[in-house]
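Results of the structural survey
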Amino acid sequence: MSQQQPPVIVIGAGIAGLVAARRLVLGGRDVVVLEASDRAGGQVARHTVGGLELDAGAESFATRGGTVAGLAGRLGLADEIVSPAALPAWLYRADGTAMPLPATSLLGIPSVALAQDVIDAIGMRASFRAALDLLLPAPVGAKSQTLGELVRRRMGPAVLEQLVAPVVRGVHSADPDELPVDRAAPGLRSALAREGSLSHAVASLRERSPAGSQVASIRGGVVVMVDRLLADLERFGVPVRLGVTVDDVSSHAVRADGELLMGDVLVAAPGVGAEAAPGRRITVVTLVVDQAELAAAPRGTGVLVELGAPGVTARALTHLTAKWPWLAERAGGLHALRLSYDGTPGDHRAVISRAVTDAGTLLGIPLAPPVDAAAVTWERAVPRKHAVDGMHYVGEAGSGTGLAAVIGQAESEAERLLGNGPEDEG
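A brief report on the enclosed structure follows. (Residues numbered from 1 in each chain as written. Predicted model: local features only at pLDDT ≥ 70, side-chain atom pairs only at ≥ 80, totals over all residues. Heavy atoms only, no water.)

1. What to know about the sheet that holds strand S15 (residues 259-262)
Where we set the bar: One requirement defines pairing of two strands: DSSP has to find at least two bridges between them. Only DSSP runs of H or I covering at least 4 residues are called helices, and only runs of E covering at least 2 are called strands; the numbering of each starts at the N terminus. Angles run from 0 to 180 degrees between N-to-C directions of axes, and those axes are lines fitted to C-alpha atoms, restricted for helices to the stretch in contact.
An order of S13-S14-S15 is seen for the 3 strands of this open sheet, with the pairing classed as antiparallel. In the strand order of this sheet, the two ends are held by strand S13 (246-250) and S15, each with one partner. The mean inter-strand angle of the sheet, taken between neighbouring strand axes irrespective of direction, is 15°. The pairing of strand S14 (residues 253-256) with S15 spans 4 bridges and is classified as antiparallel. What sits directly across from Ala256, in S15, is Glu259.

And the structure:
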């Protein structure tokens, strides 16, 4: 097949480009991958902080649909998939108090509006308003385009602002009023139609999810998937060319570093072959500390921050060594904390100093000076407005945030380009 069809030129060696390239070569196509930077993986990256190899980008993935776990299995990582510790996540509220998030929820949407932990979080009156969801006809809110609109119409503003918004900001780096329902929670809309209420829809999706948590990771970090993808591409003879500048692109040709390459073009890099738009910047700060009090995991796996909470600019904190037992074993008594910020709040030294203060506030324990710290700023892609006719696109700009969405779309687009159904991987 590869002798009869043109090669596929994949522009961008982020996770989407690597996944698509692997799918295409297994489907019989010749593939070459071009990457502008000096490394592959994009926002799935590693760094070493305090002697620990940690994810600098995504540190977990949604288990829904089994998309990421399926890829991990095909990469030989099925036995390396790990679930987080059975600890709650916490919420730091606008009144400066902290409490565990309701246990039986999806993206902060409760499955039992009058559960005691929901009442504790938002109050009796707001919980009664949320419980009206059970009495509303199923069509109410069913055509909502965003998660925020759906939750507001079904359960009211308190659930949206005090529970859903902090989770969505922490997980998707987005406002729920800007996040499409089907992107945030695939299957939620159909579950609402089937179950007749949003709370029952959440309960149904939780029951249908794989056993355990709604998120998982890989022993050694999510970045191990990039290592395996690159190893597979090398084994299949796919060149991954780093430090390449793409000068011009069309649907069937690429000019890179003065060389003209002919073939089907698949774009996995934001802004290539499309109108560029400034993306949303996210800064991730990792702190490694030697502090015995943190062994008790005072805020479970981490803390999500309600908008307007006093004295904190971080939008979320993850206690990595409390969340992932494999990492705690490797850390040898040290604790790794990860805080995320919108934008670039000062230079990295300033944001690290801010993170130490924020971490102490969110954990309820003044933080000792870190053994080591690092800050990384990522630019999240925004949906492209215009594209060259006939171009194939993968990546966050088309799929939205989250590894499950990015990988799923990359595999689907590769299948569409192949045009011959799923390949046989043996």
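2. Some details on unusual backbone geometry
Going by this rule: Burial here depends on accessible area, computed with a 1.4 Å probe over protein chains only, as a share of the maximum for the residue type. Under 20% is buried, over 50% is exposed, and the range in between is partly exposed.
The phi torsion at Leu107 lies on the positive side, around 55°, for a residue other than glycine. For Leu107, the location among the structural elements is in the loop between strand S9 (105-106) and strand S10 (109-110). For Ala297, which is not glycine, the phi torsion reads 50° and is therefore positive. Secondary-structure assignment places Ala297 in the loop between strand S17 (280-289) and strand S18 (302-305). By relative accessible area, Ala297 is classed as buried at 16%.

3. Comments concerning the pairing of S14
Pairing analysis gives 4 bridges linking S13 to S14, with the strands arranged antiparallel. Note on S14: the bridge partner recorded for Asp248 is Arg255. Hairpin geometry of S14 and S15 is characterised by an intervening segment of 2 residues between the two adjacent antiparallel strands and by a positive phi of about 50° at Asp257.

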